[in-house]
Amino acid sequence: MKTIRKFSIASMMCLTLFTVVTVSCSEENEPPTIQEVQISSHQTAPTRYVNVKGTSYAYRELGKEGGVPLVLLPGLGGSMDDWDPAVTDGLAQKYKAILFDNKGVASSKGNTPDNIQAMADDALDFIKAMKLNKVNIMGFSMGGFVAQRIVITEPSLIDKVILTGTGPQGAIGLSNLPSIIAGTAGLSPEESFLKFGFTTSAQSIAAGKAAYTRIQLRTKDRDLALSDAASNAQFTAVLSWAQPDANALTALKNIKNPVLIVHGENDLPVSVQNANNMAQNLEHAELLIFPDSGHASFFQNHQAFIEKALEFLSK
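In this text, all values refer to a predicted model and were calculated from it rather than measured experimentally. (Residues numbered from 1 in each chain as written. Predicted model: local features only at pLDDT ≥ 70, side-chain atom pairs only at ≥ 80, totals over all residues. Heavy atoms only, no water.)

Quick word on the overall build of the protein
Operational definition: Labels follow the DSSP assignment, with helices taken as runs of H or I lasting at least four residues and strands as runs of E lasting at least two, numbered in each case from the N terminus. We call a residue buried when its accessible area falls under 20% of the maximum for its residue type, exposed when it is over 50%, and partly exposed in between, using a 1.4 Å probe and counting protein chains only.
On a plain count of helices and strands, the protein comes out with 13 helices and nine strands. The buried share of the protein, taken over its 315 residues, is 57%.

Regarding the pairing of strand β8 (residues 259-264)
Threshold: When DSSP locates at least two bridges between a pair of strands, those strands are taken to pair.
In terms of burial, β8 is largely enclosed, as six of its six residues are buried. Neither face of β8 is exposed, since Val259, Ile261 and His263 on one face and Leu260, Val262 and Gly264 on the opposite face are all buried. As paired elements, strand β7 (residues 158-164) and β8 share four bridges and run parallel to each other. Bridging from a neighbouring strand, Thr164 pairs with Val262 of β8. Direction of pairing for β8 relative to strand β9 (residues 284-290): parallel, over a ladder of six bridges. Within β9, the residue paired with Gly264 across the bridge is Phe290.

What to know about the pairing of β9
The test is simple: When the strands point away from the viewer, a crossover counts as right-handed if the route from the first strand across the helix to the second turns clockwise.
In terms of residue burial, β9 counts as a mostly covered element, since six of its seven residues are buried. This β-α-β element, β8 to helix α11 (residues 273-281) to β9, shows right-handed connectivity.

Observations concerning the environment of Asp245
Test applied: Residues count as neighbours in contact if any of their non-hydrogen atoms are within 4.5 Å of one another. For this analysis, a polar contact is any N or O atom pair within 3.5 Å, provided that within protein one partner can donate a hydrogen and the other can accept it, and provided that sequence-adjacent residues contribute only side-chain to side-chain pairs.
Within the element layout of this structure, Asp245 appears in the loop between α9 (228-241) and α10 (248-252). Assessed through its relative accessible area of 31%, Asp245 is described here as partly exposed. With 77 residues separating them in the primary sequence, Asp245 and Pro168 have C-alpha atoms 9.1 Å apart. Ignoring sequence-local partners within four residues, the contact set of Asp245 consists of Gln169 and Gly170. Reaching out from Asp245, the side chain makes a polar contact with the backbone nitrogen of Asn247 at a distance of 2.9 Å.

The following block contains the structure:
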């Protein structure tokens, strides 16, 4: 039986492109103890490494052991340090949240694939190398493309899925990405972050500036910036995903897992119509659209997002 539930903020309340780059070096560490994992937050979680088919992948664990862990998949150009701590620490209140750099990205070794399916395969290899038998996944933008392919490729490994600021293959508006990027030329990192992820309203801009500040709070053991090769490969993968696919929405019907779709009403690179289309073609979908919000709607509305996400994951 198909279930689509749509929520509003009112009901919720009774390039590197979208990144903040700070470069530092990380060192190999011993595996964390249970005590370390329990007290780790976005600011304090140490960078660890795991061998994935002969390649070193960087990751961090936030929150406590127990329950089904949540693996986060970042957007284009994103590393572990480009998540908003208000979001990651909020999720880690109840669940172990795992941030990682996929193959060839930031502090992870290897070569970054230039297609979404290969990225999904690499993420699955990481999950298995971490000896995780069942996980929830959350994908932002490009990470949402990867999340879709993960759950279609190996649905038995996945419990629930959260998709933020993303769309199906051939997503409406995504082919305009080169023009959108060109529009950020000459902007400072903060200005680019605001233009790409938020609206022009005073409220959205203020929330964006607050998120930008939070993302830079971690000063020790920050992740590496993406290499040019990794960035170019990701961009190629995203543009390929943007190509029209008449069967894309039909393919979503193969996803039987519960899915929470979160989108900004004024998302610039990925039209909100993509969220509506996905919700209509997923068997068990919940849809949350934030008004006066852009690509980073869940950063801007982090409190409402966390409340809904934790409730969704606890079902």
